[in-house]
Amino acid sequence: NIYKARKGVCALSAARAIVGHMRDLHCGTRPGTFTSMGVWTTGNEYGISDGLIFSMPITCLGRGQWKFSGGLTVCKESRERIKEAERELLAERDNFKEAARKHGFYMGADTRSSGELSQAAAATAA
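By convention here, each chain's residues receive numbers from 1 onward along its written sequence. Totals for whole chains, interfaces and linings use every residue, but because this is a predicted model, local features are given only for residues with pLDDT of at least 70 and side-chain atom pairs only at 80 or more, for both listing and counting. Only heavy atoms go into the side-chain values, all of them from the structure, while hydrogens and water stay out.

**Here's the deal with the overall build of the chain**
- Where helices and strands are cited, they refer to DSSP runs of H or I of at least four residues and of E of at least two residues respectively, numbered from the N terminus. Counting its regular elements, the chain contains three helices and three strands.
- Shown N-terminal to C-terminal, the secondary structure of the chain runs as helices and strands in the order α-β-β-β-α-α.
- Exposed residues in this analysis have more than 50% of their type's maximum accessible area, buried residues have under 20%, and partly exposed residues fall in between, with area computed by a 1.4 Å probe over protein chains only. Put simply, the chain has 126 residues, and 18% of those count as buried.
- Contact definition: two residues touch when any of their heavy atoms are within 4.5 Å. When contacts within the chain are restricted to residue pairs at least 6 apart in sequence, long-range pairs at least 24 apart make up 45% of them.

**Remarks on helix H2 (residues 76–102)**
- In this model, H2 (27 residues) spans 39 Å end to end at C-alpha, consistent with the 39 Å of a helix rising 1.5 Å per residue.
- Positive backbone phi, approximately 85°, marks Gly104, located one or two places after H2. Residue count minus one, scaled by 1.5 Å, sets the expected span of a helix.

**Regarding the nonpolar core**
- Take the buried Ala, Val, Leu, Ile, Met, Phe, Trp, Tyr and Cys residues and link them wherever side-chain atoms come within 4.5 Å; each set so joined is a nonpolar core. Of all hydrophobic cores here, the largest spans ten residues; its members are Met37, Val39, Tyr46, Ile48, Leu52, Phe54, Met56, Ile58, Cys60 and Phe68.
- Among the elements that make up this core, the one with the highest residue count is strand S2 (residues 53–62) (four residues).
- Setting aside its immediate chain neighbours within four residues, Val39 contacts Leu52, Ile53, Phe54, Met56, Ile58, Trp66 and Phe68.

**Considerations on the pattern of salt bridges**
- Whenever Lys or Arg places a side-chain nitrogen within 4 Å of a carboxyl oxygen from Asp or Glu, that contact is recorded as a salt bridge. Inspection of the entire model under this criterion finds five salt bridges.
- Its salt-bridge partner being Glu77, residue Arg81 comes within 2.2 Å of it at the nearest N-O pair. Within this pair, Arg81 and its partner Glu77 are both found in helix H2, separated by four residues, close to a single helical turn.
- Classification of Arg81 as exposed rests on a relative accessible area of 56%.
- Its salt-bridge partner being Glu84, residue Arg87 comes within 2.9 Å of it at the nearest N-O pair. Placement of the pair is Arg87 and Glu84 together in helix H2, with a separation of three residues, close to one helical turn.
- Since its relative accessible area comes to 48%, Arg87 is described here as partly exposed.
- Looking at Glu84, the relative accessible area reads 35%, which means it is partly exposed.

**What about the layout of surface pockets?**
- Cavities and pockets are found on a 1 Å grid laid over the protein atoms alone: a cavity is a set of points where a 1.4 Å probe fits but cannot escape, a pocket is an open set with protein on both sides within 12 Å along at least five of seven lines, and a lining residue has an atom within 4 Å of such a point. Grid points are joined across faces, edges and corners, and a volume is the space filled by probe spheres set on the points. Estimated volume of the largest pocket: approximately 210 Å³.
- Residue assignment for the lining of the largest pocket shows that the elements contributing at least two residues are S2 and H2.
- Looking at the lining of the largest pocket element by element, the count peaks at four residues for S2.
- Considered class by class, the residues forming the lining of the largest pocket number eight nonpolar, two polar and two charged. Basically, the charged four are Asp, Glu, Lys and Arg, the nonpolar ten are Ala, Val, Leu, Ile, Met, Phe, Trp, Tyr, Cys and Pro, and anything else, Gly included, counts as polar.

**Brief notes about the confidence of the model for the chain**
- Taken residue by residue, the chain gives an average pLDDT of 86. The fraction at 70 or more is 82%.
- Taken together, the stretch residues 111–117 has pLDDT below 50 and engages in three contacts with residues farther than four places along the chain or on a different chain. Residue-level confidence of the predictor is summarised by pLDDT, bounded by 0 at the bottom and 100 at the top.

**Here we look at the sheet that holds strand S3 (residues 65–68)**
- Reading across the sheet, the three strands line up as S1-S2-S3 and stay open at both edges, with antiparallel pairing between neighbours. The open sheet has two free edges, formed respectively by strand S1 (35–40) and S3, since each of these has just one partner strand. Recorded for the sheet is a direction-independent mean angle of 65° between the axes of neighbouring strands. Should DSSP find at least two bridges between two strands, the strands are taken to pair. Interaxial angles span 0 to 180 degrees and are taken between N-to-C directions of axes, which are lines fitted to C-alpha atoms, for helices over the stretch in contact.

**Focus on the side chain of Thr59**
- In this fold, Thr59 is placed in strand S2.
- In this structure Thr59 comes out as buried when scored by relative accessible area, which is 18%.
- Counted as a polar contact is a pair of N or O atoms within 3.5 Å, where, for protein atoms, one must be capable of donating a hydrogen and the other of accepting one, and residues adjacent in sequence contribute only when both atoms are in side chains. Looking at Thr59, its side chain comes within polar contact range of the side chain of Ser69, at 2.7 Å.
- Other than its neighbours up to four places away in sequence, Thr59 contacts Thr29, Thr33, Phe34, Trp66, Lys67 and Ser69.

Written out as structure tokens, the structure reads:
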């Protein structure tokens, strides 16, 4: 059955990608090379909004450490596609935050003191 065979090939491809990512994160990418991984965008030089998880060019340093790979040229067509994906992620994040707020979930830094937090937790538990 072709469907079963293709399903197996897809699973094998995904498994190989996971192993490759784990190898790069643990051992580091080869000198002069980079890879693309879904990482926090904060601090990137490609103009992607901070606070997203987005596939970015990175160099793995080993032991789970990585840094953005800078200086890459992105053609206009790719830049437009990237910006569209960014807009979609930002809209999804905003929708989630709004839904969380409507249902009483707090999204963001809590500026209350530890005493106020303790009182709020006690009131919630009661």
